[in-house]
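For reference, the chains in residue letters:
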Amino acid sequence: RKAAKTVEGFDWGRYIWKNNFSAAPVSCFKHAPMADHWADVIDGIKIEVVNRDCPLPDKFFWIAWVVKLAGYKALLRYEGYEGDSSKDYWCNLCTPDVHPIGWCATSNKALVPPQTIMHHCSNWKTFLIKKLTGSKTLPADFQMKMQESLTFPFKSGMRLEVVDKAQISRVRVAMVDCVVGGRLHLRYEDSDVGPFAPLGLGDGTFGGEVEVEDFWCHMQSPLVHPVGWAQSVGHKIKPSGGAKKHNHDMDAGHYLFPMVKEISKSDEQFKEGMKLEAIDPLNLSTICVATVRKVLKDNFLMIGIDGMEAADGADWFSYNASSPSIFPVGYCELNEIELTPPRGYSKRPFNWFEYLRDTNSVAAPVGLFNKELPKHGFLVAHKLEAVDLMEPRLVCVATVVRIVHRLLRVHFDGWEDDYDQWVDCESVDLFPVGWCEMAGFQLQPPTSPVPAITNPIGVKQKKKGRSQA
Ligand code: MLZ
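Notes on the structure follow.

Thresholds applied
Residues numbered from 1 in each chain as written. Predicted model: local features only at pLDDT ≥ 70, side-chain atom pairs only at ≥ 80, totals over all residues. Heavy atoms only, no water. Helix = DSSP H or I, 4+ residues; strand = E, 2+ residues; numbered from the N terminus. Pairing = 2+ DSSP bridges. Axes fitted to C-alpha atoms, helices over the stretch in contact; angles between N-to-C directions. Contact = heavy atoms within 4.5 Å. Buried < 20%, exposed > 50% of the residue type's maximum accessible area, 1.4 Å probe, protein only. Arc of directions from axis to C-beta. Polar contact = N/O pair within 3.5 Å; in protein donor to acceptor, adjacent residues only side chain to side chain.

Moving on, we get to unusual backbone geometry. Residues R348 and P349 are joined by a peptide bond in cis, for which omega reads -10°. Topologically, P349 is positioned in the loop between β18 (339–340) and α7 (352–358). We note that N299 has phi near 65°; this positive angle belongs to a residue other than glycine. Relative to the assigned elements, N299 resides in the loop between β14 (283–295) and β15 (300–305).

Here's what the structure looks like:
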């Protein structure tokens, strides 16, 4: 496991405490390590941690209680400080030096009180017994569960199919370079850069100016599939260059990929030409008028954003029919979300009824869409770490700014609203506060105001994605 790293200059704990923010609890992120073991991790629990106020050369432990939780991080106060908050400190609970009460006793480690308060009590043993009676702690197997949930089935060298970031309507074979906290750093096979181009440092940072043909995504992302998937469903795939024989022994097994939901058989089906609303895969801050362009096997659909489509369909994007990121006609209006009308269609206000008539098309039946509403637990203003899906090597400080049933609008702190992204509450690209630190991944802090000299109007660089008309 890589050593935990903090980004110099950004401190989640201070940011949260100073501004009285609250973070989305770990249990909201089902794909994240420890999510299933977080139910008992609550404010007020007591733990055994390294005593940072101890003059002795050896490592000693003391008891602390959780004043406030923020994702994986906890504001701790050593037992004995009572109402004194001056020595409180933030600590990532998913570090090897955090244990449930009782661990020192069973591991033959001494509990040593902090030096500063050593003289506050003449009998620490009685003090602790009194303090610990009736208190809650971490589950006994906390460290073991942590080890387990930080072991991932994907290994470097494994091959899979993943969306081609240069042409999102097709996939491409790629090889796992490394796995960081469940995220895969992938390198496209047969990339023009050659097999020995310098790779990233495995933490989202890249040396030099070489544009390496790589991609980052979570191992459970809907963007990755086993080798052979494209052929089996009829999806486009970038032809592999040359007659080079590939070693299929390294293909990631089918069992490593999430099963796509079976949708109940009904008479109705998605058909080519049907209209719907979809998050624009090239501009995730907008939900757009869209069309089913192709129906593939296994309930996969190729969706095109109306008015944006490249002549050759290069910007069509595949969604599974059960995807929570496609919506029936009228969804935006119903939920007071601004719907982006097709570029080139000038009737305003946009009216679906007229548009369907003008384009001689039909709406995809409402019954075909995923209507599950998971109890996700996210609240508006919750802080989290979110992948900037336009540049997926970046995991950024972010905030939930809107919730529409299961759909979240994520804002990147310090960035303009047009960088916001609509994502599903079960997105594997959202992580609890402290995930980067735990996984050893570089966290992108909020942008600080741009100095007036370099940017007189104070406007941040425009994002990539679709160019605006
Ligand atoms: N190069 C890009 C980085 C944007 C990253 C934003 N993350 C929320 C730009 O400056 O537009």
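Read on for the rest.
Next up on the list: the sheet that holds strand β4 (residues 73–78). The strand order across the open sheet built from five strands is β5-β4-β3-β2-β6, with neighbouring strands paired in antiparallel fashion. Both edges of this open sheet fall to β5 (89–92) and β6 (98–100), since each of them pairs with a single strand only. The mean inter-strand angle of the sheet, taken between neighbouring strand axes irrespective of direction, is 50°. Where strand β3 (residues 61–70) lies against β4, six bridges are found, and the strand directions are antiparallel. Bridge pairing in β4 links L69 to A74. Where helix α1 (residues 12–19) meets the sheet, its contacts fall on β3, β4 and β5, and the angle it forms with β5 comes to roughly 130°. Together, β2 (46–50) and β3 form the strand contacts of helix α3 (residues 124–132), whose direction differs from that of β3 by roughly 30°.

Of the positions making up α3, those classed as buried are W124, F127, L128 and L132. Looking down the long axis of α3, one finds its buried residues gathered within 115° of arc, a one-sided arrangement. Exposed side of α3, more than 90 degrees from the buried face: I129 and K130 are the residues found there. Check the buried side of α3 and you find it contacts β2 and β3. The backbone nitrogen of K125 has a side-chain oxygen 3.2 Å away, supplied by the residue at the start of α3, namely N123. Residue G134 follows α3 closely and has a positive phi angle near 75°.

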